[in-house]
Amino acid sequence: MTGSRIVALGHYQPAKVLTNDDLAAMVDTSDEWITSRVGIRTRHVGGPDEPVDEMAAHAGAKALAAAGLQPADIDLVLVATSTAIDRSPSMSARVAARLGMGSPAVMDINVVCSGFTHALATADHAIRAGAAARALVIGADKMADIADWTDRTTCVLLGDGAGAAVVTADPSAPEGAAGAGIGPVLWGSVPEMGNAVRIEGTPPRFAQEGQSVYRWATTQLPPIARKVCDKAGIAPEDLAAVVLHQANLRIIEPVARKIGAVNAVIARDVVDSGNTSAASIPMALSKLVERGEVESGAPVLLFGFGGNLSYAGQVIRCP
């Protein structure tokens, strides 16, 4: 089997920025209350004319341009999202149509906040099995559409955006996990605690048991993330960057510390973008690469977690 690797990234956020002071005019909160509890200062919010598939297509187009590829070169489109209101056409099919692709396989993946890392693993598996050669993997969510803007404990968290990765076959990938462009995935869930994060109802609304999620993330996830590194054949201290799901700065910082990635750049895009669910990891990674904060080929831990109390992670080589 051939390996695979990420060759390019792209991201997109709506132009409208919602500050903590803006939120303080809407609900009983303040900039100090929000920053002290979750570390978020701003978030981008899409308007009614910016559906999920449009944001996803913008991010995908940027990633394709960075890769030097045409839409017709892609034979698999995976979109991780939990905010697709319509069931068909899927977000992936709509993205393929917006980008003018030929006849790719299209699939949406709904694992909420860990959707992108699940989708990236799925693309890697498809390429390794010979079912695809070039994949466009996107995480895109419009959390503003499902926010309860009267609930100060949740609405302050959420933002909109999309991030994309072009994944291609890598025949030169070394044997075994060490040095692979996309390392082995470690994924799983805690089904009995799945109700801790919910998007339910008509219209759908986001809700969560914040303390339960915080305790689970900060105590149970660091050992799992270290196992991801073990599967990839790399020590945490050798990681160049750690990109966790951008849920909350009070989760990101202790989890990163407990992983033991003492020399890594830690993505903190949540401060400027809020929690963008499936978009958060590819968007944060794309920004790190765009700013030149991680060298090409350097090992990066991606680790998604959240809704369904699911998780998925892999070590990748930075494009």
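What you see is a predicted model; the values in this text were computed from it and never measured. (Residues numbered from 1 in each chain as written. Predicted model: local features only at pLDDT ≥ 70, side-chain atom pairs only at ≥ 80, totals over all residues. Heavy atoms only, no water.)

Considerations on the packing of aromatic side chains
Consideration 1: A complete count under the given rule lists two aromatic pairs for this structure.
Consideration 2: Judged by centre distance (6.3 Å) and plane angle (40 degrees), the ring pair of phenylalanine 303 and phenylalanine 305 falls under tilted. Each member of the pair, phenylalanine 303 as well as phenylalanine 305, carries the same accessibility label: buried.
Consideration 3: Plain terms: the ring middles of phenylalanine 303 and tyrosine 311 are 6.5 Å apart, the flat faces sit at 25 degrees to each other, and that makes the pair stacked. (Phe/Tyr/Trp six-rings, centres within 6.5 Å; stacked < 30°, edge-to-face > 60°. Buried < 20%, exposed > 50% of the residue type's maximum accessible area, 1.4 Å probe, protein only.)

Considerations on the sheet that holds strand S14 (residues 310–317)
Consideration 1: Taken in spatial order, the five strands of this open sheet run S8-S14-S13-S11-S12, and their pairing is mixed. The open sheet has two edge strands with one neighbour each: strand S8 (186–189) and strand S12 (265–266).
Consideration 2: Direction of pairing for strand S11 (residues 241–244) relative to strand S13 (residues 299–306): parallel, over a ladder of four bridges. Within S13, the residue paired with leucine 244 across the bridge is phenylalanine 303.
Consideration 3: Sheet contacts for helix H5 (residues 115–128): S8, S13 and S14; angle to S14, the most-contacted strand, approximately 55 degrees. (Pairing = 2+ DSSP bridges. Helix = DSSP H or I, 4+ residues; strand = E, 2+ residues; numbered from the N terminus. Contact = heavy atoms within 4.5 Å. Axes fitted to C-alpha atoms, helices over the stretch in contact; angles between N-to-C directions.)

Comments concerning the sheet that holds strand S6 (residues 134–142)
Consideration 1: In spatial order, the strands read S1-S7-S6-S4-S5; together these five strands make up an open sheet with mixed pairing. Each end of this open sheet is capped by a strand with a single partner; those strands are strand S1 (3–12) and strand S5 (105–109). This sheet shows a mean twist of 20 degrees between the axes of neighbouring strands, independent of strand direction.
Consideration 2: Note that strand S4 (residues 76–80) and S6 share five bridges and pair parallel. Within S6, the residue paired with valine 77 across the bridge is leucine 136.
Consideration 3: The sheet contacts of helix H4 (residues 91–98) involve S4, S5 and S6, and relative to S5 the element is tilted by about 135 degrees.
Consideration 4: Running over the sheet, H5 touches S1, S4, S5, S6 and strand S7 (160–170) and is turned about 160 degrees from S4.

Looking at the nonpolar core
Consideration 1: Grouped together as the largest cluster of nonpolar side chains are 52 residues, with contacts concentrated most on Leu239, Leu244, Leu301, Phe303 and Phe305.
Consideration 2: Those elements that provide at least two residues to this core are helix H2 (31–37), helix H7 (210–232), S11, helix H8 (249–259), helix H9 (270–273), S13 and S14.
Consideration 3: For this core, the leading source of residues is H7, giving nine residues.
Consideration 4: When neighbours within four sequence positions are excluded, leucine 239 is seen to be in contact with Cys229, Ile234, Ala261, Asn263, Ala264, Pro299, Val300, Leu301 and Val315.
Consideration 5: Membership of the second largest hydrophobic core comes to 33 residues, among which are Leu9, Ala80, Ala132 and Ala284. (Core = buried A, V, L, I, M, F, W, Y, C linked by side-chain atoms within 4.5 Å.)

Structural notes on the environment of alanine 15
Consideration 1: Note that alanine 15 resides in the loop between S1 and strand S2 (17–19).
Consideration 2: Alanine 15 sits in the exposed class, given a relative accessible area of 72%.
Consideration 3: Placed 152 residues apart in sequence, alanine 15 and valine 167 show a C-alpha to C-alpha distance of 28 Å.
Consideration 4: Residues in contact with alanine 15, not counting those within four places in the same chain, are His44 and Glu50.

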